[in-house]
Amino acid sequence: MSTVFEKIIAGEIPCYKVYEDDETFAFLDADPINPGHTLVIPKEPHKDIYEIPEASFLAVMRTVHKLAPVIREAVGADGINIGQNNEPAAGQEVFHFHVHIMPRFEGDGHTHWQGAENYHEGEDGEKIANQIAERL
Ligand code: AMP
């Protein structure tokens, strides 16, 4: 099922385009946390981090790397967050892989990965690291 981002790439829905190359497309988020909040997407419609092929992922990250310092300078940001959500539990709303470039300003009041009490790893750390490592 096609998403709103495919319609943006096709020009069927308007956007403020920031950048485009053969593999990727970047445009301003319609509900920005701050001025310059940009989304970078692959032109191919891969759903999320699990489905996107490595080459397409790397093309997106190349564009993120190119745009982040330019956006920072363009809006006079004090910092940049890079964000990428997968599955509704992690806040994904549009099921076409995308990376958020989010300019931040001192005292802007936004928080990132916060809002609930953090998990305290305690003695589980070694077990969890092993559960990950043994699957690689
Ligand atoms: P996520 O929650 O990571 O899936 O982010 C989806 C993002 O897409 C949100 O920040 C929305 O504001 C943004 N978005 C949804 N529709 C549009 C649109 N038509 N143009 C620009 N950004 C959009």
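Owing to the predicted nature of the structure, the values given are computational and were not obtained by experimental measurement.

(A) Looking closely at the packing of aromatic side chains. Within this structure, the stated rule accounts for three aromatic pairs. Plain terms: the ring middles of F5 and F27 are 5.3 Å apart, the flat faces sit at 75 degrees to each other, and that makes the pair edge-to-face. Here F5, found in helix α1 (residues 4–9), pairs with F27, found in strand β2 (residues 24–28); they are 22 residues apart in sequence, far enough to count as distant. Accessibility assignment for this pair places F5 and F27 in one class, buried. Seen from their ring centres, F57 and F97 are 6.0 Å apart, and the 70 degrees between their planes marks the pair as edge-to-face. Here F97 lies in the loop between β4 (79–83) and β5 (99–104) and F57 lies in helix α2 (residues 54–75), a separation of 40 residues in the sequence. A relative accessible area of 26% means that F57 is categorised as partly exposed. On the basis of relative accessible area, F97 is assigned to the buried category, the value being 0%. Three or more aromatic residues joined by ring pairs make a cluster, and in this case those are F5, F25 and F27.

(B) How the structure looks around the nonpolar core. Core analysis: the biggest nonpolar cluster contains 11 residues, these being A26, V40, I52, V60, V64, L67, A68, I71, F97, V99 and I101. Of all elements in the fold, only α2 and β5 reach the threshold of two or more residues within this core. In terms of residues, this core owes the most to one element, α2, which gives five residues. For I101, the contacting residues outside a window of four places in its chain are G36, H37, T38, V40, V64, L67, A68, I71, I80, N81 and I82. Counting residues in each nonpolar core, the second largest holds seven residues, with F5, F25, L39 and I41 among its members.

(C) Highlighting unusual backbone geometry. Positive phi, close to 75 degrees, is recorded for E87, a residue that is not glycine. Relative to the helices and strands, E87 is located in the loop between β4 and β5. Judged by relative accessible area, E87 falls into the partly exposed class, the value being 40%.

(D) Looking closely at the site of the ligand. Near the ligand you find 16 residues, and of these D29, N85, G91, E93 and H98 are the closest. Side-chain polar atom of D29 to an oxygen atom of the ligand: 2.5 Å apart, as the coordinates give it. With respect to the ligand, the backbone of A30 contributes an N or O atom lying 3.0 Å from a nitrogen atom. Compared with its free state, where it exposes 500 Å², the ligand has 82% of that area covered by protein. Every element with two or more residues in the shell around the ligand is listed here: α1 and β2. Class assignment of the residues belonging to the shell around the ligand gives a composition of eight nonpolar, five polar and three charged.

(E) A look at the pairing of strand β3 (residues 38–42). For β3, the buried fraction is high: five of the five residues fall into the buried class. Of the strand pairs in this sheet, β2 and β3 are connected by five bridges, and their pairing is antiparallel. Bridge pairing in β3 links L28 to T38. As defined by bridge partners, β3 adjoins β5 across three bridges and the pair is classed as antiparallel. Within β5, the position partnered with V40 by the bridge is V99.

Conventions adopted
Residues numbered from 1 in each chain as written. Predicted model: local features only at pLDDT ≥ 70, side-chain atom pairs only at ≥ 80, totals over all residues. Heavy atoms only, no water. Phe/Tyr/Trp six-rings, centres within 6.5 Å; stacked < 30°, edge-to-face > 60°. Helix = DSSP H or I, 4+ residues; strand = E, 2+ residues; numbered from the N terminus. Buried < 20%, exposed > 50% of the residue type's maximum accessible area, 1.4 Å probe, protein only. Core = buried A, V, L, I, M, F, W, Y, C linked by side-chain atoms within 4.5 Å. Contact = heavy atoms within 4.5 Å. Near = heavy atom within 4 Å. Polar contact = N/O pair within 3.5 Å; in protein donor to acceptor, adjacent residues only side chain to side chain. Areas by Shrake-Rupley, 256 points an atom, 1.4 Å probe, with all protein chains shown as cover. Nonpolar A, V, L, I, M, F, W, Y, C, P; charged D, E, K, R; others polar. Pairing = 2+ DSSP bridges.

That's the geometry; what it means functionally is another story.
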